[in-house]
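As a plain string of letters, each chain reads:
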Amino acid sequence: MQIPDVRALLARGDHVEAARLLREAGALREAADVLAQIWRHAEAVELALASERPEDAYKHAVASNDVRLVERTIDSLASKPDAARRAADLAEVRGRIADAASLRRAAGELPEAAALYEKAGELGL
């Protein structure tokens, strides 16, 4: 995959064009990161989910401070158990225990999810 040189676009603040070029080149993760820099988190989530590192979508959703976007992202990761597991690790590090529980459940790690739900003070599974 040929990734375009977008440094000049970023230097002049044209993040949207940089993200478009990255997306067209198939560099979805990089495009998502660029969009997140300009607070276009919902778009960043969609691109990250389609990228080689879908767990990055969780990071972008959390940065949005949009509870519904976080919930939708966790639901989307249910079809990608390995990514859900990696996102759960991130959630735990950030102290987002309820999210970690939901992500562990999405990853099929039910005993771990139950323990986290209990730790979060929520009714589990």
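In this report, we go over the structure that sits alongside the text. Small disclaimer: the values here were computed from a predicted structure and weren't measured. (Residues numbered from 1 in each chain as written. Predicted model: local features only at pLDDT ≥ 70, side-chain atom pairs only at ≥ 80, totals over all residues. Heavy atoms only, no water.)

1. Here we look at the overall build of the protein
Broken down by element type, the protein carries nine helices and zero strands. Moving toward the C terminus, one meets the helices and strands of the protein in the order α-α-α-α-α-α-α-α-α. Expressed along its principal axes, the backbone C-alpha trace of the protein runs to roughly 50 × 25 × 20 Å. The 125 residues of the protein split such that 40% are buried. Pairs at least 24 apart in sequence give 33% of the contacts found in the protein among residues at least 6 apart. Within the structure as shown, the protein displays about 6,900 Å² of accessible surface, and the carbon and sulfur contribution to it stands at 50%. Averaged over its 18 positive side-chain charges, the protein has a centre that lies 2 Å from the centre of its 22 negative ones. (Helix = DSSP H or I, 4+ residues; strand = E, 2+ residues; numbered from the N terminus. Buried < 20%, exposed > 50% of the residue type's maximum accessible area, 1.4 Å probe, protein only. Contact = heavy atoms within 4.5 Å. Areas by Shrake-Rupley, 256 points an atom, 1.4 Å probe, with all protein chains shown as cover. Lys, Arg positive; Asp, Glu negative; His and termini not counted. Charge placed at Lys NZ, Arg CZ, Asp CG, Glu CD.)

2. Let's talk about the environment of alanine 100
Positionally, alanine 100 belongs in helix 8 (residues 97-106). Judged by relative accessible area, which is 0%, alanine 100 ranks as buried. Along the chain, alanine 100 and leucine 90 lie ten residues apart, while their C-alpha atoms are 7.9 Å from each other. If we ignore the near neighbours within four places in the chain, the residues touching alanine 100 are Ala88, Ala91, Glu92 and Leu116.

3. As for the pattern of salt bridges
A side chain of one charge can pair with a side chain of the opposite charge when the charged atoms of the two come close. Using the criterion set out here, one finds 16 salt bridges in the structure. Of the charged contacts, one joins glutamate 109 and arginine 104 as a salt bridge, the two residues approaching to 3.0 Å between their closest N and O atoms. Assessed through its relative accessible area of 8%, arginine 104 is described here as buried. It is possible to trace a salt-bridge network through shared partners that takes in Asp82, Arg85, Asp89, Glu92, Arg104 and Glu109. (Salt bridge = Lys/Arg side-chain N within 4 Å of Asp/Glu carboxyl O.)

4. What to know about unusual backbone geometry
As a rule of thumb, non-glycine residues mostly have phi less than zero, and peptide bonds are mostly trans rather than cis. Not every positive phi belongs to a glycine, and tryptophan 39 is a case in point at roughly 60 degrees. Considering the arrangement of structural elements, one finds tryptophan 39 in the loop between helix 3 (28-37) and helix 4 (41-50). For tryptophan 39, a relative accessible area of 69% puts it in the exposed group. Although it is not a glycine, asparagine 65 sits at a positive phi angle of roughly 60 degrees. One can find asparagine 65 in the loop between helix 5 (56-64) and helix 6 (67-77).

5. What to know about the packing of helix 4 against helix 6
Interaxial distance between helix 4 and helix 6 falls to 11 Å at its minimum, and their mutual angle equals 5 degrees. On the basis of the axis angle, helix 4 is roughly parallel to helix 6. Every residue of helix 6 that contacts helix 4 at His41, Ala42, Val45 and Leu49 is listed here: Leu69, Thr73, Ser76 and Leu77. Of the residues that constitute the contact of helix 4 with helix 6, the class distribution is five nonpolar, three polar and no charged. (Axes fitted to C-alpha atoms, helices over the stretch in contact; angles between N-to-C directions. Parallel < 35°, antiparallel > 145°, perpendicular 65-115°, else oblique. Nonpolar A, V, L, I, M, F, W, Y, C, P; charged D, E, K, R; others polar.)

6. Some thoughts on the packing of helix 4 against helix 5
Where helix 4 meets helix 5, the closest approach of the two axes is 8 Å, and the angle between their N-to-C directions is 170 degrees. With respect to their mutual orientation, helix 4 and helix 5 come out roughly antiparallel. Every residue of helix 5 that contacts helix 4 at His41, Ala44, Val45, Ala48 and Leu49 is listed here: Asp56, Ala57, His60, Ala61, Ala63 and Ser64. Along the lines of polarity and charge, the residues of the contact of helix 4 with helix 5 split into seven nonpolar, three polar and one charged.

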